[in-house]
Amino acid sequence: MTDTAISIQADGSTLRIADPVTGEQYAIHADQPVTPTPSNDDLAVPVSQTVRLEAEKLIIDASAWVRLRDEDGINIRTLRFNNTISREDGKWLLVLAGPVKSYAQVYGPFTVTTTPDNVTIEWEMSSEIVLGVRSYRRHPTETITTTCEPVDIATAISHLSAGLETLSSERSFQTLRNHPPDIEIGDELQIPDSVSRHDSLITLSLPFQYEYLYPAAPVAYYLNATLAEGDPAIHIDGYGTWDLPRGQFAERCAELLKQCVFLDCLTRSDGLYPTTLEAEAVLDERLGFDWTNLYDESLAERTAHYLDIEYATIADEVPEWPARGYVPPTADSTSILPHLIDQLIPVETCCPDPIQGADARDAALGQFVQTGNVLDRAAVGQSTFNQETPFTEIPDPPEQEALWTGDEIPFGANHLLETGIRRYHAADQPSESEISVTLVCNEGEMQNEIKRAEAIYGSREKLQLNVDVYQNLTTNQLAERLREPSDLFHFVGHASIEGLHCPDGIFSPRTLNSVRSRAFVLNACSSYVPGRDLVKRGAIGGVVTLSDVTEEAATQVGVMTANLLSIGFSLRNALLIARTRSVTGGQYMCVGMDSLWLTPNESSMNSSIRLNKKETGWRVEAETYPSLHFGVGSLITHNFTQDGTTSIVGKSITRDQVSDAVLRDYLTVESSPVWYDGEWTWGDELVERLWGTDDGE
């Protein structure tokens, strides 16, 4: 299990803060040598640890917003980029929304200046600072044991809300929702004494059947509700009962989850974190809520107000959720629930029909538009459709992606494998100085992708990736590479159900006792089975194909995936965009843990931008994608809006009449992919293309 204690290390006049859970870190440079000492100061905010230090000037080497609060915790001002504020005598709290959630208690007089690159704090003379940090606890620390009996599973689910640090509306921030306890199947129900949940006035009654228990789990977690057997309904002591439909129970639970989380995001903006959300102007008139009163109410009373409105009233303003988890209605599905709930992913049971052989191949081909291209990465050996495991078609969800947790190979969904998820929680997370990439090209005519991927992985300015490139590896050489530790194994060549093709034969990952690559991209036809075997032997997750892909299409998807992984996109979010590069993109899927990421994100958020030039200026649309560490409920402000408006991750934000100057400044610092003139490109490339370089060349 990863050590979740945040590291605070001094090196002369530099203080380095690193979160081992996320791999994120940043440095604070002082004007003098610093010696941090442990502190018991109460900062009135949840922190993992605090230290004291002295300095006259601090430069925080990270892109971060700063919220200034007074001694009573009242927010005075939010400093985004290129802002300066000064304060006189008194005690103040600076909230630093950077790579690691941090707080600085300071004494005036002082001045704070923010830029897109750093934050500077200056005093007139040496002053004492209390620095507090909070870890993102994205790993389970306790395990609940349950039998296969629905009544015991209901009790286990009721205790998952022990991961909530607060019952206030601020729990819609992911940093205040710790990972739920793990669940395993055993001979008897066992709830550890350390799994202690908050008292609750909310009960969710439902038939004790898997088809009802699993969809109810995420909303029960978020509402700190107790599950009880009965007709489907939510009961809040002292406030009433809200019936739930039997026929559309899973969908209604998904709506309730989104409704309560979203409305909490709006409510919390009147509390400790004052924020202007785009949705407020629209919903103030529709709902007529007094947000200030809502903020001060208890969870029970606040939820009762939420439940009194119809979901349709707010549906068009609710952010797009990242995924829906489809699980078989069996007891074994219980153990995957904490992983899905940690990301607030709605859950639905599913019993899809198995498909095999020619029928499976026909279904796979239906995932993309047929063209006249030659399928020249076709496997020489047996395709995925010749193996024994059946395929199945997963419903198209209302969310961005579908996730399947059963044994069958899914069409239209990423395949979550519990073994990869558990391995992620048990493994050490990579630090920024240790990220390694292994590139292998086992087909001479496919050099283009590898050359471009090598350039991409080696181009991060703030992050050094160690890239090793290999050509035409034999079976023994390929096995040796997979036995060596690496953060990403990117393979280009041919594959089949027997394994990865080499000059001297076919290498099967099944022959290895262990695989030490965390993530992988197998950009070859029919690479699902070898990818699944990599996860079974030690990998956490990766990208594979179900069927044939063209050389041109495979290169487009592979290069785009490399680009996105290199800037901090998760496997799921990278593939969500990379699929759009080709009509055969539907053949690509994630297997194992699809929310795995390779590197910290330079801008902290997975996002993309779409541009359209108009006579009156630029139309700019930014879309964000929830990830494991910046999930549902997180906030983002795009500089091109020019008005400080904030949006919730998953909700696109659009502005018209954006000037050349504003857009250029935005693209210069933004590392996200940009859709312009019918193709994906990158901010720095587009700036040079549209306006040239600074020196006019």
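Reading the values: rules and limits
- Residue numbers here run from 1 along each chain, matching the order of that chain's written sequence.
- Residues qualify for local features only when their pLDDT is at least 70, as the model is predicted, and side-chain atom pairs are given and counted only at 80 or more; totals for whole chains, interfaces and linings, by contrast, use all residues.
- For the side-chain quantities, the full set of heavy atoms in the structure was used; hydrogens and water were omitted.
- Strands here are runs of E lasting at least two residues and helices are runs of H or I lasting at least four, both read from the DSSP assignment and numbered beginning at the N terminus.
- The classification of residues rests on relative accessible area computed with a 1.4 Å probe and restricted to protein chains. Under 20% of the type maximum is buried, over 50% is exposed, and intermediate values are partly exposed.
- By definition here, a salt bridge exists when the distance from a side-chain nitrogen of Lys or Arg to a carboxyl oxygen of Asp or Glu is within 4 Å.
- Only when DSSP finds a minimum of two bridges between them are two strands counted as paired.
- Across the chain, each position has a pLDDT score giving the predictor's confidence in that residue, from 0 to 100.
- For this analysis, residues touch if any pair of their heavy atoms sits within 4.5 Å.
- An axis is simply a line fitted to the C-alpha atoms; with a helix, the fit covers only the stretch in contact. Between two such axes, the angle follows the N-to-C directions and lies from 0 to 180 degrees.
- Roughly parallel refers to an angle under 35 degrees, roughly antiparallel to one over 145, roughly perpendicular to one between 65 and 115, and oblique to any angle outside these ranges.
- Lys, Arg, Asp and Glu make up the charged group, whereas Ala, Val, Leu, Ile, Met, Phe, Trp, Tyr, Cys and Pro make up the nonpolar group; the residues left over, Gly among them, are polar.

- The name given to the protein chain in an unreviewed UniProt entry is CHAT domain-containing protein, with Halosegnis rubeus as the source organism.

Considerations on unusual backbone geometry
So, step 1. The omega angle of the peptide bond from Gly108 to Pro109 is 0°, so this bond is cis rather than trans.
So, step 2. Looking at the secondary structure, you find Pro109 in the loop between strand 10 (101-107) and strand 11 (110-114).
So, step 3. Its identity is not glycine, yet Leu344 carries a phi of approximately 55°, on the positive side.
So, step 4. For Leu344, the position within the fold is in the loop between helix 7 (337-342) and strand 20 (347-349).
So, step 5. Note on Leu344: relative accessible area 0%, which makes it buried.

So, the pattern of salt bridges
So, step 1. Under the definition given, this model contains 22 salt bridges.
So, step 2. With its nearest N and O atoms 3.0 Å apart, the salt bridge here joins Asp231 to Arg246. On the criterion of sequence distance, the pair formed by Asp231 in the loop between strand 16 (226-229) and strand 17 (233-236) and Arg246 in the loop between strand 18 (240-243) and helix 3 (249-268) is long-range, its members being 15 residues apart.
So, step 3. You can call Asp231 exposed: its relative accessible area is 54%.
So, step 4. Several salt bridges converge on common partners, so that one network encompasses Glu251, Lys258, Arg324, Glu348 and Glu399.

Regarding the sheet that holds strand 22 (residues 391-393)
So, step 1. Taken together, three strands build an open sheet; the order of strands is 21-22-24 and the sheet is mixed. Edge positions in the sheet fall to strand 21 (354-355) and strand 24 (409-411), since each of these pairs with one other strand and no more.
So, step 2. The pairing of strand 22 with strand 24 spans three bridges and is parallel. Residue pairing in the sheet places Glu393 in a bridge with Phe411 of strand 24.

Side note on the confidence of the model for the protein chain
So, step 1. Averaged over the protein chain, the pLDDT score is 88; the fraction of residues at 70 or greater is 91%.
So, step 2. Considering only residues more than four positions removed or in separate chains, one finds that residues 368-379, a stretch of pLDDT under 50, has 34 contacts.

Considering the packing of helix 10 (residues 447-457) against helix 13 (residues 551-566)
So, step 1. Here helix 10 crosses helix 13 at 10°, and the two axes come no closer than 9 Å. Classified by the angle their axes make, helix 10 and helix 13 are roughly parallel. Here Asn448, Glu449, Arg452, Ala453, Ile456 and Tyr457 of helix 10 come into contact with helix 13, specifically with Ala554, Thr555, Gly558, Val559, Ala562, Asn563, Leu565 and Ser566.
So, step 2. Within the contact of helix 10 with helix 13, the residues separate by chemical class into seven nonpolar, five polar and two charged.

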